[in-house]
Amino acid sequence: MAIQRPKGTQDIFPGIVEKWHYLEAHIRKVCSDFGYQEIRTPIFESTELFQRGVGDTTDIVNKEMYTFLDKGQRSITLRPEMTASVCRAYVENKLYSQPQPVKLYYMGPMFRYENTQAGRFRQFHQFGAEVLGGEDPLVDAEIIQVIWELYRRIGLRGVEVHINSVGCPVCRGEHRERLHSYLQDRVAELCQDCQSRFERNPMRILDCKNRDCQRLTVGAPTTLETLCDDCKEHFDKVQHYLRILEMPYKINPKMVRGLDYYQKTAFEVMAEGIGAQSAICGGGRYDGLVEEIGGPATPGIGFAMGMERILAVLEKQQAGWEDETDYKVVVAALGETAREKGFQLTMELRQANISAQMDLLGRGLKSQMKHADRVQARYAVIIGEEELAGNIAIIRDMKLGDQTETALESVKEYILDQINQSQREV
Ligand code: HAM
């Protein structure tokens with residue numbers, strides 16, 4: 001039997017990969033406009049990094065990690081997310097001794113052994129950004145703005161930003177106590193996961209998706225009710241700055257996020273129209289994380305978004321992708337000498353930064369033109385025996401349907417001229 005790709009993974013083909021390029025290009029531009037620089041970290045890390053960083057009460061660490069022993073008997077894990085890796089790299093490379101804050105972004109594959117469904121994969125891609133060494137609430141507002149600006153530029157509509165504050169170790173103790181006494185008599189009615197969360201991390205019960213748990217927590221105390229003065233002031237200021245930027249948001253006191261490292265600000269972006277997996281982005285502040293993995297006390301905040309989910313929303317909304325293939329050229333040549341001329345010409349066009357291809361299979365002229373159609377070439381340059389004898393080429397504008405003749409040696413100039421003209425018209 002033919003071998004198939006593992007469950008929860010995808011092949012990304014030509015035709016689709018251009019959409020990834022479109023998204024990636026916008027991401028890079030937005031990040032550069034906001035002053036974020038790219039970081040690339042290993043795809044696998046010591047398992048301990050995620051146990052300590054993401055937290056061993058989380059679903060990610062408990063159930064979803066791709067962990068194995070390498071040949072040297074080290075426990076290795078394919079990264080399920082990148083915040084812990086970025087913090088490790090920050091500490092290991094002493095980025096804390098550089099001017100602060102350090103603003104970084106990344107794109108790449110992440111791995112989680114999840115129950116797969118539409119929009120939920122085992123290998124998926126995230127674009128994320130992290131700011132290390134900045135505790136001002138202005139940083140929180142800026143990072144949310146990166147997300148919003150990206151969505152504006154790619155034309156993503158129907159998204160909602162939900163924000164919350166999950167407090168800090170000082171005020172979380174009180175919340176834990178209040179929540180404990182609120183749920184004390186109803187623990188048995190909670191789902192299996194929440195029964196164990198009750199002892200280990202009760203706050204997470206607040207955003208459990210199980211109907212019974214949701215019913216039981218309708219009037220439960222939220223973290224917003226027990227914020228200490230410092231956390232409250234921080235949250236008020238974040239909102240103040242968001243309002244200054246006229247950024248729409250909703251406060252969602254039940255949204256607490258599924259990773260252990262969050263403190264103070266937490267946020268998620270939800271999109272309509274892509275079914276149950278509507279969270280297209282999540283993030284928040286993690287002021288204790290760098291210290292937790294062995295670095296100096298350093299505030300941090302960031303987000304990550306699922307790129308497959310963003311593309312799914314764009315697809316649903318049929319937002320127009322920019323057509324980068326408009327000026328493709330296909331050189332169609334017939335006969336050995338014409339093919340040689342065509343081969344030289346194709347190379348010349350490529351050297352002038354024009355996307356050009358020619359037939360590699362020795363096909364007839366008709367099927368070469370069909371090919372030009374299929375690859376959506378803007379121009380076809382035709383060189384048959386007759387043209388060759390007259391030292392000319394026919395240039396057909398595939399979009400407008402008209403054609404013209406030009407001397408073989410001026411084909412490149414002619415096409416460059418046409419491209420310049422149509423770019424001026426746009
Ligand atoms: P997260 O909420 O676990 O946060 O993931 C962020 C986003 O990744 C989700 O909102 C979703 O769009 C996408 N995502 C997660 N799991 C899957 C999956 N199985 N299939 C497809 N897409 C998925 C984090 O990963 C944090 N590191 C975010 C962060 C950065 N917080 C601070 N800095």
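Further up the page is the structure itself.
Residues numbered from 1 in each chain as written. Predicted model: local features only at pLDDT ≥ 70, side-chain atom pairs only at ≥ 80, totals over all residues. Heavy atoms only, no water.

So what's going on with the packing of helix H6 (residues 169-183) against helix H7 (residues 192-200)? Which residues, and what values?
Where H6 meets H7, the axes come as close as 10 Å, and the angle between the chain directions of the two elements is 135°. Of the possible angle classes, the one that applies to H6 and H7 is oblique. In this structure, H6 crosses over H7, and the sense of that crossing is left-handed. Contacts between H6 and H7 involve Arg176, His180 and Leu183 on the former and, on the latter, Phe198, Glu199 and Arg200. Residue composition of the contact of H6 with H7, by class: two nonpolar, one polar and three charged. (Axes fitted to C-alpha atoms, helices over the stretch in contact; angles between N-to-C directions. Helix = DSSP H or I, 4+ residues; strand = E, 2+ residues; numbered from the N terminus. Parallel < 35°, antiparallel > 145°, perpendicular 65-115°, else oblique. Left-handed = near helix turned anticlockwise from the far one by under 90°. Contact = heavy atoms within 4.5 Å. Nonpolar A, V, L, I, M, F, W, Y, C, P; charged D, E, K, R; others polar.)

I'd like a description of the layout of surface pockets, backed by residues and values.
One water molecule sets the probe size; rolling that probe over the atoms shows where empty space is left. Taken as a whole, the second largest pocket holds about 460 Å³ of empty space. Together, 26 residues line the second largest pocket, and Arg172, Asp260, Tyr261, Tyr262 and Gln263 are the ones closest to its centre. The set of elements that each furnish at least two residues to the lining of the second largest pocket consists of helix H2 (47-53), H6 and helix H10 (289-292). Looking at which element gives the most residues to the lining of the second largest pocket, the answer is H6, with four residues. Split by residue class, the lining of the second largest pocket holds ten nonpolar, seven polar and nine charged. For the lining of the second largest pocket, the two domains that each supply at least three residues are domain 1 (17-168 + 228-317) and domain 2 (170-223). (1 Å grid on protein atoms, 1.4 Å probe; cavity = no way out; pocket = protein on both sides within 12 Å on 5 of 7 lines; lining within 4 Å. Points joined across faces, edges and corners; volume = space filled by probe spheres on them. Domains from an automatic or database assignment.)

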